[in-house]
Amino acid sequence: MPAGNEPARPQPGLFIFDERFPDAVALSRQAILDGVRLASTRDVFTNLWYAELDMGWRRTPGIVAGATTDRTLHILETLALDRQMRVTDRTVIGGDGLVCWTLGPAPRHRASQKVTGA
Amino acid sequence: MATRPPGVSEQDFQRALTEFREAVGDDWVFSSDEDLHAYRDHFSYIKDQPNELIPSAAVGPQEVEQVQAIVRTANRYRIPLYAISTGKNFAYGGPSPNVRGSVTVDLKRMNRVLEVDASRNFALVEPGVSYIDLYRYIQERGLKVWIDTPDPGWGSPIGNALDHGIGYTMGFYRDHFGAHCGMEVVLPNGELMRTGMGALPASKSWHEYRHGYGPDPSGLFGQGSFGIVTKMGFRLMPQPEHWRNGLVTVPRRRDFIALVDRVNYMTDLSIIGEPWYGSPLQQLLGNTEFREAALAFNEEEMDRLAAAAGLHSFQVELQFYGSERTTLANWEYAQELISRVVPGARFTDGESLPVPLTHEQIHETTGPYPTNMRRNITQGVPGIGVWYQTGRTEQNPNSWNETHIGLFSLVGRSGEAVFQAQRDFADIATRVGMPSTFPNAIQTGVNWYQFSFLMGNGFALGGAATPEGKQRATVMLRRILEENAKLGYGDYRAPPILQDDVANQYSFNDHALRRFNETLKNAIDPNGILSPGRAGIWPAAYGNLRGSLRG
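Every value quoted in this text rests on a predicted model; they were computed, and no experiment measured them.

Reading the values: the criteria
Residues numbered from 1 in each chain as written. Chains lettered and ligands numbered in written order. Predicted model: local features only at pLDDT ≥ 70, side-chain atom pairs only at ≥ 80, totals over all residues. Heavy atoms only, no water. Helix = DSSP H or I, 4+ residues; strand = E, 2+ residues; numbered from the N terminus. Pairing = 2+ DSSP bridges. Axes fitted to C-alpha atoms, helices over the stretch in contact; angles between N-to-C directions. Salt bridge = Lys/Arg side-chain N within 4 Å of Asp/Glu carboxyl O. Buried < 20%, exposed > 50% of the residue type's maximum accessible area, 1.4 Å probe, protein only. Parallel < 35°, antiparallel > 145°, perpendicular 65-115°, else oblique. Left-handed = near helix turned anticlockwise from the far one by under 90°. Contact = heavy atoms within 4.5 Å. Phe/Tyr/Trp six-rings, centres within 6.5 Å; stacked < 30°, edge-to-face > 60°. Lys NZ or Arg CZ within 6 Å of the ring centre and 35° of its normal. pLDDT = per-residue confidence, 0-100.

### Some thoughts on unusual backbone geometry
Residues and elements named next belong to chain B. Of note, the bond from Asp-151 into Pro-152 is cis; its omega dihedral lies within 30 degrees of zero at 5°. Counting through the fold element by element, Pro-152 comes out in the loop between strand S7 (145-146) and helix H5 (157-162). With an omega of 5°, the peptide bond between Val-355 and Pro-356 qualifies as cis. Looking at the element boundaries, Pro-356 is found in the loop between strand S15 (346-354) and helix H11 (359-363). Phi is positive for Ala-91, which is not a glycine, with a value near 85°. Counting through the fold element by element, Ala-91 comes out in the loop between strand S3 (81-84) and strand S4 (103-106). One non-glycine residue, Ser-270, lies in positive phi territory at about 60°. Along the polypeptide, Ser-270 turns up in the loop between helix H7 (255-268) and strand S13 (276-278).

### So, the sheet that holds strand S1 (residues 29-30) of chain B
Residues and elements named next belong to chain B. Strand order across the open sheet formed by four strands is S1-S2-S4-S3, with mixed pairing between neighbours. Single-partner strands in this sheet number two, and they are S1 and S3. Pairing between S1 and strand S2 (residues 57-59): two bridges, direction antiparallel. Counterpart to Phe-30 in the pairing with S2 is Ala-58.

### A few points about the sheet that holds strand S8 (residues 180-186) of chain B
The strands that make up a sheet are held in pairs by hydrogen bonds between backbone atoms, and each pair lies either parallel or antiparallel. All names here are of chain B. Read across the open sheet, the five strands follow the order S5-S6-S10-S8-S9; overall the sheet is antiparallel. The open sheet has two edge strands, strand S5 (113-117) and strand S9 (192-194), and neither has a second partner. Between one strand axis and the next, the sheet turns by 10° as a mean value, whatever way the strands run. Sheet analysis places S8 next to S9, joined by three bridges and oriented antiparallel. By the bridge assignment for S9, Val-186 is matched with Leu-192.

### Structural notes on the pattern of salt bridges
For side chains of opposite charge, pairing can occur when their charged atoms come near one another. Residue and element names in this part refer to chain B. Overall, the coordinates contain 41 salt bridges over all chains when judged by the stated rule. In this structure, Arg-40 engages Glu-52 in a salt bridge whose closest nitrogen and oxygen atoms are separated by 2.8 Å. You can see Arg-40 sitting in the loop between helix H2 (33-36) and S2 and its partner Glu-52 sitting in the loop between H2 and S2, a full twelve residues away along the chain. Looking at Arg-40, the relative accessible area reads 6%, which means it is buried.

### Some thoughts on the packing of helix H1 (residues 10-24) of chain B against helix H3 (residues 64-77) of chain B
Residue and element names in this part refer to chain B. At their nearest, the axes of H1 and H3 sit 9 Å apart, and the two run at 170° to each other. On the basis of their axis angle, the class for H1 and H3 is roughly antiparallel. As H1 runs across H3, the sense of the crossing is right-handed. Contact residues: H1 offers Asp-12, Arg-15, Ala-16, Glu-19, Phe-20, Ala-23 and Val-24, while H3 offers Gln-66, Ala-69, Ile-70, Thr-73, Ala-74, Arg-76 and Tyr-77.

### Brief notes about the packing of aromatic side chains
Inspection of every chain in the model, using the stated rule, returns 18 aromatic pairs over all chains. Aromatic pair Tyr-277 of chain B and Phe-453 of chain B: ring centres 5.5 Å apart, planes at 90°, arrangement edge-to-face. Here Tyr-277 of chain B, found in strand S13, pairs with Phe-453 of chain B, found in strand S17 (residues 453-455); they are 176 residues apart in sequence, far enough to count as distant. Comparing Tyr-277 of chain B with Phe-453 of chain B shows no difference in burial state: the two are buried. With 6.2 Å between their ring centres and 75° between their planes, Trp-331 of chain B and Phe-347 of chain B make a pair best called edge-to-face. Here Trp-331 of chain B is found in helix H10 (residues 324-341), whereas its partner Phe-347 of chain B is found in strand S15, with 16 residues between them in sequence. On the basis of relative accessible area, Trp-331 of chain B is assigned to the buried category, the value being 1%. Residue classification places Phe-347 of chain B among the partly exposed residues on the basis of a relative accessible area of 22%. Sitting above the plane of the Tyr-50 of chain A ring, Arg-136 of chain B keeps its charged end 4.2 Å from the centroid. Above the plane of the ring of Tyr-92 of chain B lies Arg-493 of chain B, whose end atom (NZ or CZ) is 4.2 Å from the centre.

### A few points about the environment of Pro-275 of chain B
All names here are of chain B. For Pro-275, the position within the fold is in the loop between H7 and S13. What makes Pro-275 buried here is its relative accessible area of 1%. The contact partners of Pro-275, leaving out residues within four places of it in the chain, are Arg-174, Val-263, Thr-267, Val-316, Glu-317, Leu-318 and Asn-447.

### Side note on the confidence of the model for chain B
Per-chain confidence: chain B averages 93 in pLDDT, with 95% of residues scoring 70 or above. Confidence metrics for the complex model read pTM 0.94 and ipTM 0.83.

Right under this line is the structure:
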C-alpha cells in the first residue's frame, strides 16, 4: 500500500526473481500476495525470454518487475529497449549483486498505449 | 548531451526532423536524451567523453519507401546517417555511428520474415529480423532448416552478415556474409537496387544464384557505407537427422601441427562442423614450473611436465551432422585419419543424438568429457546467455567488465601459423609494455571462418575503469594493431574508435584499396551522407574527420 500521499505505482504484470537469492525469494512471496504472477530464473533466462517475454512485449509492452542479478537486468534492459521500454526503478539489495528493478513502457509509448487501449 | 550533425544549422536540423516525421510518423523520430540512450555504445572507451559517438536523433522506418524518403531528406540537408538493424553489434560499437551527431536509421521495425523455403533452403528477411525471430518463424511452421546463429542471437542476420559475423555449424554457413544470396539496397541517392538475380525483374532464383551478371557489388555493402540494405537472402542448412561429437587429444605440443592439418582436410571435405580447439594444459596454469616453461615457450619442458601430469597438449572437439550411420562412419574415419599421423592420439566418444535435440539435451552441460562448447549454437538454436560475460548500461552501471571490445586477428589455418602467432603476440605484448601473464603457448585459433583462424592477442586491459585508464588502454590497443600489422596480422572487425586504425593497416601500394573505396564512395555518395567513416572510408565531405578519434 502506498504511504501517505504517495501515488500508487502501477502493478507489474510479472515478477521475475532469481531463486538462488533468499532476498529475491522473499520479494517474490510479497509479489504473490499482491496478486502478481511469478517467473523464476537462475541467471540465464533465455527460455523465459523466448517463451513469454518476447511475444508478450511485442503485443503489449507492460510493466515487469524483478529481483535478479545485475547481469540479468542488463540483458533484460537491452532487450526492453527494442520494445521502447525503459528501466524505471532500480535498487541494489545487499552486496551480492542482487538488484530490485522495474521495467515499463517509455513515456511516449505509455501515451500511445492509452490511445489504443492496449 | 544533445548534439547536432556537424556543419548543419539548427534550423536545417529541425527541418530535417520535420521531414523525417512526415516520412515515418511522430512516434518514430527520437531526439530526447532518454530516447537516444538506446543508441549509445555503453561499452565504448569514450563513453561520457566530449567526443562520444552519440547520434543527434534516431528515425525508425517501417517500409522501404520510408528509408528512401529519409535518405533524400538527408541529402537535402547534408545530414550524416548511420543505419542499424537491431543495434546489438556490441564489442564492435553497438549502435553508435562513426560521426558524432549522425542520425541513426533504426531498422528494427522492418522485421518481416518474407520467405523461408525449406526445399531450396533459403530465407529472405528484413533488417529488423533477429536470429531469434527467424528461428521462431521456422519452428512455428515446423520447417526442416537450420539457421547458423552467432552468440548471443539477439542481433539480426543482416546486421551480423554485413559486419562479417560468424556462427558455429558447418563451414559454408558459418561465414554469414558468405552465405548470403541476393540483397536489396537503398542507395545514397535514394534509389532502390537489387543485386544478383534480383536485378532481373522476373527472376525466380534471387536467393540461389548470387552473382547475377557482370560485376557483383554485394561486397561493398559489407562493413560498407554504400547503401542501406533493406532485404537480404541467406542460404540455410537443411536440418540433419543426427548429430554426434567426439574429443581428440594429442600428447605432444608439436602434434598440434598434424592435428590441424587433418582437421582442415575433414573440414574442407564437409565431413565436420566447426572444430573447437583447446588445450588440456590449462589445468596446469597453477603449476609455477609449467607456467614458467609455457611463458618461455620451452616446448621440451612443457611436453615433459604434461606427460608427468598425464595430460595431453592440445585437443579438438569435432562435430558431425548427417544420419546416425554416416556420423558414426565419419567419426571413425576422423580417428583413423588422425591416428595415422599422431601416435598416441586419444579419442573419446561424445554424444550421439537424433535431431532436433530436446530442450533438455540442448541445455545439458554435462557429458562424457569437459567441454566449453555451447551446444545450442551447434544446433542453430539462438540464445542470450553468453552475454552474461559482460554488461554495463546507464541504468545498470555496476559492471564486472568496464568495457568490451572485440579484436581478433586473422591467422593462417595451420599449426605452424598458430605457434608463430603465439610467439609474435607474446613479443608484441612485451614491446608495448604489457607482458602477457597468460601463457600464449597454450592458446589456439578459433575456426569460426572455415578457411582461417582468428586469434586474440591475449592480454589484460586492467585499470580501464577511469577515463584516463580508458585512454591509456586505447593507446595500447592502437600500438598493438600497428605492431600486429608489421608482422602481417590484420583484424577482421573493429569498433568505430579503432576502425581508422585497422583500415590504416591495409595499406598495400600506398593504400590502393582505401583510395579505390573512397573514389567509389565519392562518386556514389557525393554528399557523404551514408555512414561516413565506416571501416575507415571517409567521403570528401567528411575527410577532415579521418583519425579525429585518435585525439
